[in-house]
Amino acid sequence: MLRTIELDPGTWLQHDSAWLEPEEADRLLSDLVAEVRWEERPIYAFGKAIMQPRLIGWAGDLPYRYSGQTLPPRAWTPALRRLHAAVEEATGQRFNHAMLNRYRDGNDHVSMHADNEPELGQDPIIASVSLGATRRFVIQFKRKRGRKRSYRLRHGSLLVMGGSFQHRWRHAVPRDPACEAERVNITFRLLHGPPGWRAPAEHRSMPEGEAQP
C-alpha cells in the first residue's frame, strides 16, 4: 500500500517498498531488459555534449525533450504496457509517457535534477517503479542547502512524486561503488503536449516560494 510522506505543505511523496511480489518483479525486469531498445545518449550542458552515465529507453505517443535532447515517439513494449496499466490503477493517475533508466552497476547514476519541463504542467505527478539492485534515492530542497532526505528503493517498489515536488525539491540516484548488480527504473509521466507546450495563461500560477522573474 502506498504510504504518503508530507515534505512541505502541498509537496509529497508516496512510497510502497513491496508494491510488486518478488516473482512478478523478477519477471518484469527480465522482460524489460529483453524488450526495450536501450541506448547510451548524450545530454547537453553549458554547450557541451556529455554522455549519460546509464542506458535509457522510453515509450510514448509524444516526443519528450530534456537536457537538450529530444526523444521521439516510440511504441510501448508488451511488458511496459502491462506495467503502465498497473501503475495507473495503483495511483489513480493517467500517464502517457515512460522513461527508463538502466543502471548497469553502482557506477551508473543520475545527478541532482528536477523534472519540471513545461509540457509536464504546473504540478506534475510522476510515478517511479524500481527493479533490480537497491539504490539510494536522494532528495534535496532547492532553497536550503543541507536539507536532504534519502530513501532506499528496493526491487519491486513504487514511488510517486507529487504536488510542488518538482519545483521545490531536486532528486538524484548517486554512485554506489559497492553495488555490482544492475537496476532498471521506470518513470511514468503525463505530457500535455509536445516540447515547447505551455499551459494557457489563465491556468498558470507560481509555486509557493518561487520568485517572479
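Above: the structure in question.
These lines cover the structure that appears in this document, whether it is placed above or below. Since we're looking at a predicted model, the values are computed, not measured.

Turning our attention to the packing of aromatic side chains. Scanning the entire structure with this criterion turns up four aromatic pairs. Centre to centre, the rings of Phe95 and Phe188 are 6.3 Å apart; their planes meet at 45°, and the pair counts as tilted. In this pair, Phe95 sits in the loop between α2 (78-91) and β8 (97-103) while Phe188 sits in strand β15 (residues 183-189), placing the two residues 93 residues apart along the sequence. Judged by relative accessible area, which is 0%, Phe188 ranks as buried.

With that out of the way, let us pick up the sheet that holds strand β11 (residues 135-141). Read across the sheet, four strands follow the order β9-β14-β11-β12 without closing on themselves; strand pairing throughout is antiparallel. One side of each edge strand has no neighbouring strand; the edge strands of this open sheet are β9 (110-113) and β12 (148-153). Within the sheet, the average angular offset between the axes of one strand and its neighbour, ignoring direction, is 15°. Strand direction decides the pairing type here: β11 and β12, joined by six bridges, are antiparallel.

Once that is clear, we can look at the side chain of His171. Summarising the element assignment, His171 is placed in strand β14 (residues 169-173). A polar side-chain atom of His171 sits 3.3 Å from a polar atom in the side chain of Asp115. In this structure His171 touches Ser111, Met112, His113, Ala114, Asp115, Phe137, Val138, Ile139, Met161, Phe165 and Gln166, once residues within four positions along its chain are discounted.

To continue, consider the side chain of Arg54. Here Arg54 is to be found in the loop between β4 (48-51) and β5 (55-60). Within the buried core, Arg54 has no salt-bridge partner, and the shortest N-O distance to an opposite charge, that of Asp108, equals 7.8 Å. At a separation of 3.0 Å, a polar atom in the side chain of Arg54 contacts the side chain of Asn101. Among the polar contacts listed, one links the side chain of Arg54 to the backbone oxygen of His109, at a separation of 2.9 Å. Those residues within four positions of Arg54 in sequence are excluded, and the remaining contacts are Glu39, Glu40, Asn101, Arg102, Tyr103, Arg104, Asp108, His109 and Val110.

If you look at the biggest cluster of nonpolar residues, it comprises 26 residues, and the most contacted ones within it are Leu32, Leu80, Val129, Leu131, Ile186 and Phe188. Every element with two or more residues in this core is listed here: α1 (22-35), β5, α2, β8, β10 (126-132), β13 (157-163) and β15. When neighbours within four sequence positions are excluded, Leu131 is seen to be in contact with Leu20, Ala25, Leu28, Leu29, Leu32, His155, Gly156, Glu182, Arg183, Val184 and Ile186. Core analysis: the second largest hydrophobic core is formed by 21 residues, Ile5, Leu13, Leu120 and Phe165 among them.

Bringing the sheet that holds β15 into the picture now. Paired through backbone hydrogen bonds, the strands of a sheet run either parallel or antiparallel to each other. Strand order across the open sheet formed by seven strands is β1-β2-β13-β10-β15-β8-β5, with antiparallel pairing between neighbours. Of all the strands in the sheet, the pair left with one neighbour each is β1 (3-8) and β5. Going across the sheet, the axis of each strand differs from the next one's by a mean of 20°, ignoring polarity. Looking at chain direction, β8 and β15 are connected through seven bridges and run antiparallel. Bridge assignment links Arg102 to a residue of β15, and that residue is Val184. Running at roughly 95° to β10, α1 makes contact with β8, β10 and β15 of the sheet. Packed on one face of the sheet, α2 meets β5, β8, β10, β13 and β15 and runs near 60° to β15.

Looking now at unusual backbone geometry. Even without being a glycine, Ser67 presents a positive backbone phi close to 50°. Within the secondary structure, Ser67 is located in the loop between β6 (64-66) and β7 (69-71). A residue is classified by how much of its surface remains accessible, and Ser67, at 37% relative accessible area, is partly exposed.

Where charged atoms from two side chains of opposite charge approach closely, those side chains can pair. This model, assessed by the stated rule, comprises eight salt bridges. Residue Arg41 is joined to Glu39 by a salt bridge in which the shortest nitrogen-to-oxygen separation is 3.3 Å. With a relative accessible area of 18%, Arg41 lands in the buried category. Classification of Glu39 as buried rests on a relative accessible area of 18%. Close ionic contact of Arg189 with Asp115 constitutes a salt bridge, the shortest N to O distance being 3.9 Å. Of this pair, Arg189 sits in strand β15 while Asp115 sits in the loop between β9 and β10, and the two are 74 residues apart along the sequence. Comparing Arg189 with Asp115 shows no difference in burial state: the two are buried. Salt bridges sharing partners connect three or more residues here, namely Asp8, Arg147 and Arg168.

About the criteria used
- Residues numbered from 1 in each chain as written.
- Predicted model: local features only at pLDDT ≥ 70, side-chain atom pairs only at ≥ 80, totals over all residues.
- Heavy atoms only, no water.
- Phe/Tyr/Trp six-rings, centres within 6.5 Å; stacked < 30°, edge-to-face > 60°.
- Helix = DSSP H or I, 4+ residues; strand = E, 2+ residues; numbered from the N terminus.
- Buried < 20%, exposed > 50% of the residue type's maximum accessible area, 1.4 Å probe, protein only.
- Pairing = 2+ DSSP bridges.
- Axes fitted to C-alpha atoms, helices over the stretch in contact; angles between N-to-C directions.
- Polar contact = N/O pair within 3.5 Å; in protein donor to acceptor, adjacent residues only side chain to side chain.
- Contact = heavy atoms within 4.5 Å.
- Lys, Arg positive; Asp, Glu negative; His and termini not counted.
- Salt bridge = Lys/Arg side-chain N within 4 Å of Asp/Glu carboxyl O.
- Core = buried A, V, L, I, M, F, W, Y, C linked by side-chain atoms within 4.5 Å.

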